Amino acid sequence: MSFRLKIWQIERTCVFELSWGQGQQLTAKLPYLPTLTTLYQNWQQAYLNFYQSAVRARVGKSGTLPKPEIDWRAKLVQAEAKLLAEFHLWLSQAELLEMRREIARAAQDTDRAVVDVFLTCDSVELERLPWEVWEPGTEFAAKKTIRIARTPARIRADRQQRQRQGKMRVLAILGDDTGLNFQADQAAVKSLAHLAEIHFVGWQQGEGTTDLKETIRQTIAAEPGWDILFFAGHSNEAALTGGELAIAPNQSIFLSEIAPQLVLAKERGLQLAIFNSCRGLSLAQTLVDLGLSQVAVMREPIHNLVAQEFLVRFVQSLSEFKDGHEALLDACKYLKLEKNLTYPSAYLIPSLFRHPDSAPFQLKPFGWQEQLKQWLPTKQEAIALLVLMALSLFPALQQWLLEQRVMVQAMYRQTTGQMGKPTVPPLLLVQIDDRSLQKARIANPRPMRRDYLAKLVNQLSALDARVVGIDFWLDRPHAEDVQLQQALVSAIQQQNTWFVFVVQESSKGEWLMVTPDVAKPTWSLQGNGWVPFWYLQPLPWLDSTPLPFSYWLATAYRLQNEPLPANASLPLPSPNLPASQELGTQIKTIADRITPANHKPLLHSSMQLQPITAFSYLLHQHWFKPLIDFSIPPDQVYDPIPAWQLLEQPEMALKSRQLSSLRSRLVMIAAGGYDEAGVAADGEDNFPVPAAITYWRNQPTPTNDSRIFSGGEAHAYMTHHYLTHRFVIPIPDLWLVLIVIPVSKGLSLLLSQSSKRRWLILSGIAPLGFGLISLQVYITAGVLIPWLLPSITIWTYTVLTLQQRNHA
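Residues numbered from 1 in each chain as written. Predicted model: local features only at pLDDT ≥ 70, side-chain atom pairs only at ≥ 80, totals over all residues. Heavy atoms only, no water.

## What to know about the confidence of the model for the chain
For the chain, the average pLDDT comes to 88, and 91% of its residues sit at 70 or higher. Mean pLDDT per element in the chain: helix α11 (residues 368-375) is the minimum at 73, and strand β16 (residues 467-470) is the maximum at 97. Segment residues 679-683 is flagged for pLDDT under 50; beyond a separation of four residues in sequence, or across chains, it makes eight contacts in the model. (pLDDT = per-residue confidence, 0-100. Helix = DSSP H or I, 4+ residues; strand = E, 2+ residues; numbered from the N terminus. Contact = heavy atoms within 4.5 Å.)

Below is the structure:
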């Protein structure tokens with residue numbers, strides 16, 4: 001909370017105007033007491049006579065206080081008491097009561113311990129008065145600190161400047177030291193070396209002064225800029241030139257001569273100027289008028305020893321990370337309470353001028369520990385991050401986000417023309433649909449009739465199909481098992497056909513294999529028919545767990561159509577009715593011996609269950625588990641054909657596909673979406689249509705507009721991925737949110753420390769660019785990089801930072 005108090009003197013009347021908040025304002029008129037001017041002049045005379053030597057205004061030679069015949073100390077103490085008594089009496093008049101109460105009310109309402117009042121006086125007569133000792137409203141708000149900061153009547157430049165990064169920098173200009181001693185000043189400034197870089201410039205004994213002005217000008221404007229500008233030496237007021245600084249014996253520089261360099265320094269980060277020299281009113285007014293945030297000056301001539309005592313205490317408070325205003329008040333309080341007997345009235349001399357839109361300057365801690373603190377989340381950021389991390393672990397939300405993302409990938413793939421070359425997929429999906437059941441007069445397809453499956457197998461054998469998968473559970477004995485077994489045996493005898501069946505795990509954890517009355521594991525493959533939702537089923541670690549049905553289909557197809565090189569010296573497994581060893585075991589035996597040098601590996605590390613994925617199961621997550629890539633259109637994955645057409649119109653089916661036989665095709669017999677499909681009564685083999693598949697089915701002239709997605713279609717996609725080694729690995733949302741947090745925090749720090757909009761624009765558009773890159777990485781590298789939650793993380797930090805800046 002802050003107030004602006006403007007005081008105009010019109011003849012013998014002072015007009016007080018107090019403004020605050022959103023246009024609130026109070027005005028009062030108070031007769032000026034002529035005795036104030038007289039009392040001030042008496043005090044000033046006593047002050048100058050007491051401190052007549054070693055002041056920082058080029059008078060005297062000695063560095064110690066004189067012992068005059070007249071007791072000027074007693075006169076000074078008496079003059080100070082009279083001046084302050086009359087000053088406080090004047091300001092306690094009833095005309096200002098409402099203003100004092102308003103300031104006190106605001107002090108009580110705010111949660112801050114300090115209320116700032118920015119004071120502007122329009123006459124030199126008023127400016128000379130010790131306004132810093134007035135605490136308006138403290139009689140009503142005793143626990144609050146109400147402090148006065150001076151503001152010039154004229155401020156033309158804005159306060160826009162960039163915040164410097166890294167360790168703070170201090171430029172100390174040591175001026176003419178005639179009659180003075182700067183050793184204490186230098187020691188005080190150097191005490192900040194652990195917090196700031198210190199650079200001294202100025203005249204040295206025995207050096208010429210020809211280039212000194214230019215050196216000072218260039219140093220002030222030098223990159224990378226300064227945070228604090230300090231001057232020690234003689235100075236004086238100069239109305240037309242902004243103030244005079246003595247930089248060497250018989251040589252001065254005026255503020256107007258270095259104004260362009262000071263403006264540059266302000267734009268590069270200069271925030272606080274300290275003039276530990278005499279008569280600095282015009283210096284402060286000029287610098288704030290140029291846009292500088294804060295300037296500490298001495299309004300009257302200041303004795304060398306007093307200046308040193310003040311600076312030591314001021315710098316000590318700064319090093320304790322108190323703001324510049326509080327540091328000045330601490331130094332004045334020290335002079336009043338600890339040094340008033342030695343240096344009477346010295347505490348009345350320092351003043352702080354501030355730009356009304358500035359925040360008090362404060363040194364920043366430096367070092368890796370302090371830097372680390374900046375990167376720690378605020379309370380609001382921590383709450384937002386906990387919510388985002390919780391969302392990134394919520395399974396239902398994760399599933400929904402993955403579905404939507406894969407759908408967006410399908411749109412991106414089609415929009416960018418990355419559909420791949422139009423080819424006939426190797427997998428022929430024979431679907432037993434409702435029409436097939438009607439034509440076969442099958443009233444109850446649970447379980448599927450073995451004789452109907454036998455007819456399909458015989459027809460496929462007649463069409464020379466060499467790899468056939470049957471996506472129906474055949475673990476229970478049935479009266480028609482013999483017919484199906486005869487069809488299977490006949491196909492193996494005639495074409496050496498590979499057959500792959502699905503098996504399931506019981507509620508007791510036992511694997512229900514295909515009944516021996518249908519097929520034996522010595523001449524068939526039996527794989528896990530579980531369909532993850534919607535992840536690729538990885539290869540298990542344990543030998544006791546059957547490998548996925550889709551993996552065995554892909555492997556059988558590869559062994560049938562991709563023979564091993566002649567120099568591989570490995571036996572080629574194939575279905576063999578008299579065999580004694582299980583066919584799956586034979587394949588596993590040679591799979592470990594096949595290397596990329598002689599054949600594409602049958603077992604790849606990306607196909608297997610990863611330890612991190614197994615661990616994530618404990619958290620109900622699927623970290624790095626490959627996805628079923630529905631962004632690939634179905635017509636590139638499988639070629640559907642209804643079972644009735646295969647039986648009734650085989651020649652037409654081959655002709656439409658420009659085939660003479662099915663020798664080069666991989667065939668899967670599966671349920672085609674009838675209501676009773678699956679094991680459970682609710683139809684376990686019928687799934688909701690994935691969002692990406694819905695997108696493909698909504699294209700012009702779709703080949704399938706069904707409202708369900710069958711398990712056979714899911715197995716077709718998984719088989720496609722095992723054949724093509726298409727394994728899309730999703731990066732966990734939680735992981736990427738954790739990675740994005742330091743990036744977001746870095747952007748928020750830049751945004752909070754810079755007045756430019758480029759970091760705000762970057763925070764807005766960076767997630768969009770990142771999203772486009774992640775879409776392409778998905779297609780090119782097979783890695784799904786989450787976008788939504790990481791982007792929300794960046795935007796959350798940005799919004800919270802903007803709120804903090806607006807609040808500040």
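## Details of the sheet that holds strand β10 (residues 244-248)
On the basis of which strands lie adjacent, the open sheet formed by three strands has the order β9-β10-β11 and antiparallel pairing. Every other strand in the sheet has two partners, leaving β9 (235-236) and β11 (251-254) as the edge strands with one partner each. Pairing geometry for β9 and β10, over two bridges, is antiparallel. By the bridge assignment, N236 is partnered in β10 with E244. Docked against the sheet, helix α6 (residues 212-221) engages β10 and β11, running at close to 115 degrees with respect to β10. (Pairing = 2+ DSSP bridges. Axes fitted to C-alpha atoms, helices over the stretch in contact; angles between N-to-C directions.)

## Let's talk about helix α12 (residues 379-392)
Helix length check: α12, at 14 residues, gives a terminal C-alpha distance of 20 Å against a target of 20 Å (1.5 Å per residue), a fit within 8%. Of the residues making up α12, those classed as buried are E381, A384, L385, L388 and S392. Viewed along the axis of α12, the buried residues span an arc of 100 degrees, placing them on a single side of the element. Exposed residues pointing more than 90 degrees away from the buried face of α12 are listed as K379 and L386. (Expected span 1.5 Å × (residues − 1). Buried < 20%, exposed > 50% of the residue type's maximum accessible area, 1.4 Å probe, protein only. Arc of directions from axis to C-beta.)

## A few points about the pairing of strand β21 (residues 666-671)
Burial analysis of β21 places six of its six residues in the buried class, the great majority of the element. Relative to β21, strand β15 (residues 427-432) runs parallel, the two being bridged by six bridges. For L429, the partnering residue across the bridge sits in β21 and is M668. One ladder, built from four bridges, connects β16 with β21; its direction is parallel.

## Overview of the pairing of strand β17 (residues 498-505)
In terms of burial, β17 is a largely internal element, seven of the eight residues being buried. Inspection of the sheet shows β16 paired to β17 by four bridges, in the parallel sense. Directly across from V468, in β17, lies its bridge partner F499. Handedness of the β16-helix α16 (residues 481-495)-β17 crossover: right-handed. With two bridges connecting them, β17 and strand β18 (residues 511-512) associate as antiparallel partners. Looking at the pairing, Q504 lines up with L512 of β18. Between the end of β17 and the start of β18, which pair antiparallel, lie five residues, with G509 showing a positive phi angle near 85 degrees. (Right-handed = clockwise from strand over helix to strand, strands pointing away.)

## Quick look at the packing of α6 against helix α7 (residues 259-267)
Put simply, α6 and α7 touch, their axes get as near as 7 Å, and they point 20 degrees apart. For the element pair α6 / α7, the angle class is roughly parallel. Between α6 and α7 the crossing geometry is left-handed. Contact residues: α6 offers R217, I220 and A221, while α7 offers Q261, L262, L264 and A265. (Parallel < 35°, antiparallel > 145°, perpendicular 65-115°, else oblique. Left-handed = near helix turned anticlockwise from the far one by under 90°.)

## Quick look at the packing of helix α9 (residues 304-319) against helix α10 (residues 324-337)
Interhelical geometry of α9 versus α10 gives an angle of 135 degrees and a closest axis separation of 8 Å. By the angle class used here, α9 and α10 are oblique. α9 and α10 meet at a crossing whose hand is right-handed. Facing V306, E309, F310, R313, F314, S317 and L318 of α9, the residues of α10 in contact are G324, A327, L328, D330, A331, Y334 and L335.

## Side note on empty space enclosed by the protein
Take a probe with the size of a water molecule and roll it over the atoms, and the empty space left behind shows itself. Going through the model one piece at a time under the given rule, you end up with nine cavities of 30 Å³ or more. One number sums up the size of the largest cavity: a volume of about 100 Å³. Around the largest cavity, the lining comprises 13 residues; the ones closest to its centre are L402, E403, V406, W534 and F630. Of all the elements in the fold, those that place two or more residues in the lining of the largest cavity are α13 (395-415) and α22 (691-697). Looking at the lining of the largest cavity element by element, the count peaks at four residues for α13. (1 Å grid on protein atoms, 1.4 Å probe; cavity = no way out; pocket = protein on both sides within 12 Å on 5 of 7 lines; lining within 4 Å. Points joined across faces, edges and corners; volume = space filled by probe spheres on them.)

## Brief notes about the nonpolar core
Counting 83 residues, the largest nonpolar core has L5, F16, W43, W90, L126, W131 and F314 as its most contacted members. A per-element tally of this core places helix α2 (residues 72-91) first, with eight residues. Discounting residues that sit within four places of it in the chain, F16 has contacts with L5, K6, I7, L26, T27, A28, L30, W90, L91, L96, M99 and W131. If you look at the next biggest cluster of nonpolar residues, it comprises 58 residues, including V500, F549, I632 and I693. (Core = buried A, V, L, I, M, F, W, Y, C linked by side-chain atoms within 4.5 Å.)

## Some details on the packing of aromatic side chains
In this structure the tally under the stated criterion is 28 aromatic pairs. A centroid spacing of 5.6 Å and a plane angle of 75 degrees characterise the contact between Y551 and Y722, whose relative ring orientation is edge-to-face. Taken together, the residues Y551 in helix α17 (residues 549-561) and Y722 in helix α23 (residues 711-724) connect sequence positions 171 residues apart. Y551 sits in the buried class, given a relative accessible area of 3%. Ring centres 4.9 Å apart and planes at 80 degrees place the aromatic pair F624 and W735 in the edge-to-face group. You can see F624 sitting in the loop between α19 (611-616) and β20 (638-642) and its partner W735 sitting in helix α24 (residues 733-753), a full 111 residues away along the chain. (Phe/Tyr/Trp six-rings, centres within 6.5 Å; stacked < 30°, edge-to-face > 60°.)

## Examining helix α3 (residues 97-109)
The first and last C-alpha atoms of α3 sit 18 Å apart over 13 residues, in line with the 18 Å expected at 1.5 Å per residue. When we look at burial in α3, the residues that qualify are M99, R100, E102, I103, A104, A106 and A107. Buried residues belonging to α3 abut β1 (2-10), β2 (13-20), β3 (24-31), α2, β4 (114-121) and β5 (145-150).

## Here we look at the environment of I70
Residue position: I70 is located in the loop between α1 (34-50) and α2. Taking C-alpha positions, I70 is 121 Å from L572, a pair spaced 502 residues apart along the chain.

## A word on the pattern of salt bridges
Enumeration according to the criterion identifies 28 salt bridges in this entry. Put simply, K745 and E381 hold a salt bridge, and the shortest N to O gap is 2.8 Å. Of the two residues, K745 sits in helix α24 while E381 sits in helix α12, which places them 364 residues apart along the sequence. Since its relative accessible area comes to 5%, K745 is described here as buried. (Salt bridge = Lys/Arg side-chain N within 4 Å of Asp/Glu carboxyl O.)

## Describing the side chain of T120
Secondary-structure assignment places T120 in strand β4. The class of T120 is buried, set by a relative accessible area of 9%. Only 3.1 Å separates the side chain of T120 from the backbone oxygen of T151, close enough to count as a polar contact. When near neighbours in sequence (up to four residues on either side) are disregarded, T120 contacts R4, L5, K6, I7, T151, P152 and A153. (Polar contact = N/O pair within 3.5 Å; in protein donor to acceptor, adjacent residues only side chain to side chain.)

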